[in-house]
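The residues making up each chain are set out below.
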Amino acid sequence: MIDVRLGATLRSMAGGRQSFPVEAGTVRQVLERLQGAYPELSPVLDQGVAVAIDGRIYRNSMLQPVPDGAEVYLMPRVAGG
Amino acid sequence: MELEFTTRTTFDKVGTRPPRPDGTDKVTGRALYGADLAGADMLVGKVLRSPHAHARILAIDTSRAEALTGVKAVVTRDDFPHIGPEGTVKGEVEESVWDVARNVMARDKALYEGHAVAAVAATSTAVARQALKLIDITWQVLPHVTDVDEAMRSDAPLVHEDMITAGMDPVPEEPSNIAEYRKVEMGDIEAGFAAADVIAEQSFRTEAAHQGYIEPHACVASASEDGLAELWCCTQGHFSVRDMCANILGMDLASLRVTSSEIGGGFGGKTTVFLEPVALLLSRKSGRPVKMTMSRDEVFRASGPTSSTSITARIGATRDGRITACDATLRYQGGAFPGSPVGIGAVCGMAPYDCPNVVLHCYDVVVNRPKAAAYRAPGAPMAAFAIESLLDDIARKLDIDPVELRLKNAVKEGSSSVYGPTFGPIGFEECLETARDHPSLEAVPGPNQARGIAAGFWPNFGGQTSVTVNVNTDGTVLVSLGTPDIGGSRASMCLMAAEELQIPYERVKAIIADTSALGHNDTTGGSRVTHSAGLATIEASRKVIDIMKRRAAATWDIDVDAVVWDQGCVRPSGANAGDHEPLTFDAIAAMASATGGPIAGHAEINAEGAGASFAVHVCDLEVDPETGRVTILRYLAVQDAGKAIHPDYVEGQYQGGVTQGIGWALNEEYIYGSDGVLQNPGFLDYRIPVASDLPMIDTVIVEVPNPGHPYGVRGVGETPIVPPLAAVANAVSRAIGRRMTETPMSPPRILAAIDGTS
């Protein structure tokens, strides 16, 4: 089980709830299963998100494995100058 | 799939300071920038820009311009393919194509003074300028707003009549200039302030600052009758230019080839398109190549500065200096289109500190100004200006050394970041301790002098990167990169390839290849290239080594497992490998043809694992109480680079960021008249620092390796501009005994603060 949490900048987009448990083994599965199980996350997921796994931020890596019990945060994708 | 590695700590070439490969061409004037390119029968393109801050375009009559001898094409909004806000996007596009398309050429309204409304291609600059005067536009001038606070008022003129604020609950029924509201929240803010013994609170404002690159935007476009086109331009991301132009003009990605020129500075401002789609359209319509170059005036009026901001913030702390709570309301204008960097800016401001209770209200606001573009650590310097100023006020109230206050609250490995994830290895404490112990802090400020301390943060990121490492038969190596070199990346990639291949640095060259030569590369920005292109260069170099090992093993007729790579040679290894003379890199390269053909390594990756970057700055300055003039006496920039591949370039990034930050703090601002017209679109009235304004900026490179990179690299380009606004403000405030809350801290503003009239 992965306890997916919303980064602080996304929480207000999903009604304030912070924790979204899913069974998943990759980033793609995490996002797909969040989309199915939690319709309130659509505004967050539709804009495109980065996924932080145990502190390392993956900007767009759908095939990245997600270890069971990992710390997982959804975050906005960062751009820069 | 990620490259498997263990982060190295000892190096042979990496960390040395060889001459920069682009240096000779740049100092001799041989380097080709965007405006240096030319084609046969080339036309000159010029843009007609709105004289009004906000006006409806009722009609455009180009007939007189088109009739002028020498005019070969005129384009307006009617020449662009129709795309709407919900259009399909091809390629890798980070911005709204609809917004960028409308920024490139106004549609129903001119949204700011300088907004493009038509363009011509003519046989000379003089004819093109004359033709612009012959374009007749019927305007309906509308009320305008350029100030972020005024734009948020319910009675403000609407930049977009149909814009409903996103992120509000309930959804507003009326349109406004607030594009989006975001709330960042963690902990219990009321409990946090209840636990505080001391609270600092202020309102702050920062004016828009331009990236100030010395080279204006320029491009040459050549479209042919078969639908193909080529574009040469100065940009931070030619793949992104290709994708955005293709989307705006309805082209296939394969039909447009983009080559990036040398670049005379970008700093985020060359991450989008302005002239390029217009030049392509003019070329398509005229059937001839078209060159377009912005004047400095146009650069200021029409290419993005960063946001101006209005921030109200409050921080609470215990008597012993522990931060208990922070709440802030941040209002950033993004110019005439949504997309200001308020969200990332807000979290960057508090990211250095372990604060359990935080609420940040973030407002993205539109005004009648040019569309804001990224500028080094977009959004972060303004938020840091507020947060770091309040921390300095708390340090003074508690009589705690400002570095010690920050050390008490510094995030470290295992700390929860304000944006959520737990930090891995980071170097903020090391930066603070290095600054605290630096000899420059032994200087004692004299009369009217003071010291300001501030910290900064940028998260960094990776992104898509494609690199080819070609081995020539003489043993030299050519690294093809797709990330324009804006900060020394060619030298850094050569060093990393030389390190991996164990050959001399001088044997490796690097070029920036065009969009037809490599897979997609994300734009050079966000301090991503040394990390991402470095990962790809290392991976491609390791593939070269694998190929060379196979070639040598086959030559010796032994298994590849029986050879090793050692000191730039393949050697037999193990009891059954046989007795063979080692084959050198050059020898294997020379026999490439006979052993299977050219030797090349490729890496096409989506780089992840970027390491967060922290900095601590110390500014000593003197304020002239008679004139309000500020003289920077000493400046120290300490920053964690993870591992400095080429320390000269890293130090240059630190010094460049500091210089730009000092300019923003003291002098730079967009000044608008009551008519919404920019009053200072030139370097005479928009004052950026020059060498004689500053002392030698002292730098210290801290190296806490990033475990997400084989050499420990962290991006370094963004963070150096984050602390200076606050470092300067804290020093000025201590020097004059009054808190400075607005940038620029120009002499009149400082005198007003001294007089108590601000």
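Worth saying up front: this structure is predicted, and the values here are computed from it rather than measured. Counting restarts for each chain: residues are numbered from 1 in the order of the written sequence. Chain letters and ligand numbers both follow the written order, the letters beginning at A and the numbers at 1. Totals for whole chains, interfaces and linings use every residue, but because this is a predicted model, local features are given only for residues with pLDDT of at least 70 and side-chain atom pairs only at 80 or more, for both listing and counting. Side-chain measures were taken over the full set of non-hydrogen atoms in the model, leaving aside hydrogen atoms and water.

Glancing now at the pattern of salt bridges. Residue and element names in this part refer to chain B. For salt bridges, the criterion is a side-chain nitrogen of Lys or Arg within 4 Å of an Asp or Glu carboxyl oxygen. Counted by the stated rule, this structure contains 55 salt bridges over all chains. Residues Asp 25 and Arg 30 are paired through a salt bridge, measuring 3.3 Å at the closest nitrogen-oxygen approach. A salt bridge links Arg 451 to Asp 620, with the shortest nitrogen-to-oxygen separation between them at 2.8 Å. In this pair, Arg 451 is assigned in strand 16 (residues 449–458) and Asp 620 in strand 24 (residues 613–623), connecting sequence segments 169 residues apart. Every helix listed is a DSSP run of H or I at least four residues long, and every strand listed is a run of E at least two residues long, numbered separately from the N terminus.

Moving on to the domain arrangement of chain B. All names here are of chain B. Boundary definitions for the domains trace back to an automatic or database domain assignment. With domains assigned, chain B is organised as domain 1 (23–31 + 462–607) and domain 2 (379–460 + 611–755). Here the C-alpha centroids of domain 1 and domain 2 sit 38 Å apart. For this analysis, residues touch if any pair of their heavy atoms sits within 4.5 Å. Facing the 17 residues of domain 1 at the interface are 16 residues of domain 2. Here domain 1 and domain 2 share an interface that buries about 1300 Å² over both sides, 62% of which is from carbon and sulfur atoms. Two parts placed together each lose some accessible area; with a 1.4 Å probe, that loss summed over both constitutes the buried area.

On to empty space enclosed by the protein, then. Using a grid of 1 Å spacing that covers the protein atoms alone, one calls a set of points a cavity when a 1.4 Å probe fits there but cannot get out, and a pocket when the set is open and has protein on both sides within 12 Å along at least five of seven lines; lining residues are those with an atom within 4 Å of a point. Grid points are joined across faces, edges and corners, and a volume is the space filled by probe spheres set on the points. Following the criterion strictly, the structure yields seven cavities of 30 Å³ or more and no others. Of the volumes computed, that of the largest cavity is approximately 90 Å³. As for the largest cavity, its lining consists of 13 residues, and the residues nearest its centre are A:Ile57, A:Arg59, B:Asn460, B:Phe461 and B:Gly462. Charged residues are taken to be Asp, Glu, Lys and Arg, nonpolar residues to be Ala, Val, Leu, Ile, Met, Phe, Trp, Tyr, Cys and Pro, and polar residues to be all remaining types, Gly included. The residue makeup of the lining of the largest cavity, split by class, is seven nonpolar, three polar and three charged. The volume enclosed by the second largest cavity comes to roughly 70 Å³. Along its surface, the second largest cavity is lined by B:Val47, B:Arg49, B:Asn103, B:Val104, B:Tyr112, B:Ala116, B:Phe274, B:Leu275, B:Val278, B:Met294 and B:Ala302. Among the elements of the structure, strand 1 (43–49) and helix 3 (97–104) of chain B are those that each provide at least two residues to the lining of the second largest cavity. Partitioning the lining of the second largest cavity into residue classes produces nine nonpolar, one polar and one charged.

The geometry of two aromatic rings is summed up by the distance between their centres and the angle between their planes. Residue and element names in this part refer to chain B. Stacked, tilted and edge-to-face are the three classes applied to pairs of Phe, Tyr and Trp rings, where Trp contributes its six-membered ring and a pair requires centres within 6.5 Å; stacked means planes under 30 degrees apart, edge-to-face means over 60, and tilted covers the rest. Taken as a whole, this structure holds 18 aromatic pairs over all chains when the rule is applied. When the centroid spacing of 6.1 Å and the interplanar angle of 55 degrees are considered together, the rings of Phe 300 and Tyr 670 count as tilted. In this pair, Phe 300 is assigned in helix 9 (residues 296–302) and Tyr 670 in the loop between helix 17 (647–666) and strand 26 (698–702), connecting sequence segments 370 residues apart. Comparing Phe 300 with Tyr 670, the two get one shared label, buried. Measuring from centroid to centroid gives 6.3 Å for Tyr 670 and Tyr 672, while their planes differ by 45 degrees, and the two rings are tilted. Residue burial is assigned from relative accessible area. The probe radius is 1.4 Å, only protein chains are included, and a residue is buried under 20% of its type maximum, exposed over 50%, and partly exposed in between. Residue classification places Tyr 672 among the buried residues on the basis of a relative accessible area of 16%. One Lys or Arg, Arg 314, reaches over the ring of Phe 193 and ends 3.7 Å from the middle of that ring. Remark: a charge is flagged as sitting over a ring if the NZ atom of Lys or the CZ atom of Arg is within 6 Å of the ring centre and within 35 degrees of the ring normal.

Moving on, we come to the interface of chain B and chain A. On the chain A side, the residues contacting the 34 residues of chain B number 25 residues. Between chain B and chain A, the buried area comes to about 2300 Å², and carbon and sulfur atoms account for 51% of it. The largest share of the area that chain B buries against chain A comes from B:Arg182, B:Phe461 and B:Glu608, three residues that together contribute 24% of it. Where chain B meets chain A, there are zero salt bridges. Pairing of N or O atoms within 3.5 Å defines a polar contact, subject to two protein rules: one partner must be a possible hydrogen donor and the other a possible acceptor, and residues neighboring in sequence count only if both atoms are side-chain atoms. Our count for the chain B to chain A interface comes out at 10 residue pairs in polar contact (both at pLDDT 80 or more). In terms of residue count, the dominant contributor to the side of chain B that touches chain A is strand 7 (residues 178–186) of chain B (five residues). Class assignment of the residues belonging to the side of chain B that touches chain A gives a composition of 14 nonpolar, 11 polar and nine charged.

This brings us to the pairing of strand 17 (residues 463–471) of chain B. Residue and element names in this part refer to chain B. Most of strand 17 is tucked away, with seven of its nine residues classed as buried. DSSP bridges decide pairing: two strands pair if at least two such bridges lie between them. Here strand 17 runs beside strand 23 (residues 599–607); their pairing, made up of nine bridges, is antiparallel. Residue pairing across strands places Thr 468 opposite His 602, the latter belonging to strand 23. Of the pairings in the sheet, the one linking strand 17 to strand 18 (residues 477–481) comprises four bridges and is antiparallel in character. Within the sheet, the bridge partner assigned to Thr 468 lies in strand 18 and is Ser 480. Where strand 17 folds back on strand 18, the antiparallel hairpin that results is connected by five residues, among which Gly 475 adopts a positive phi of roughly 85 degrees.

Before going further, it helps to spend a moment on the sheet that holds strand 2 (residues 55–61) of chain B. Whenever strands of a sheet pair, they do so through backbone hydrogen bonds, lying parallel or antiparallel. All names here are of chain B. Taken together, three strands build an open sheet; the order of strands is 4-2-6 and the sheet is antiparallel. Edge positions in the sheet fall to strand 4 (109–110) and strand 6 (136–141), since each has one partner strand and no second. By the bridge criterion, six bridges tie strand 2 to strand 6 in an arrangement that is antiparallel. Bridge assignment links Arg 56 to a residue of strand 6, and that residue is Gln 140.

Residue and element names in this part refer to chain B. Throughout this description, the term nonpolar core refers to a set of buried Ala, Val, Leu, Ile, Met, Phe, Trp, Tyr and Cys residues connected via side-chain atoms within 4.5 Å. Leu 330, Leu 360, Phe 428, Leu 621, Ile 632, Val 728 and Val 732 are the most contacted members of the largest nonpolar core, which has 117 residues in total. In terms of residue count, the dominant contributor to this core is helix 11 (residues 380–398) (12 residues). If we skip the residues at most four places from it in the chain, Phe 428 touches Pro 352, Tyr 353, Ala 410, Val 411, Ala 455, Phe 614, Ala 615 and Val 616. Core analysis: the next-biggest nonpolar cluster, separate from the first, contains 55 residues, Val 14, Ile 503, Ile 588 and Ala 607 among them.

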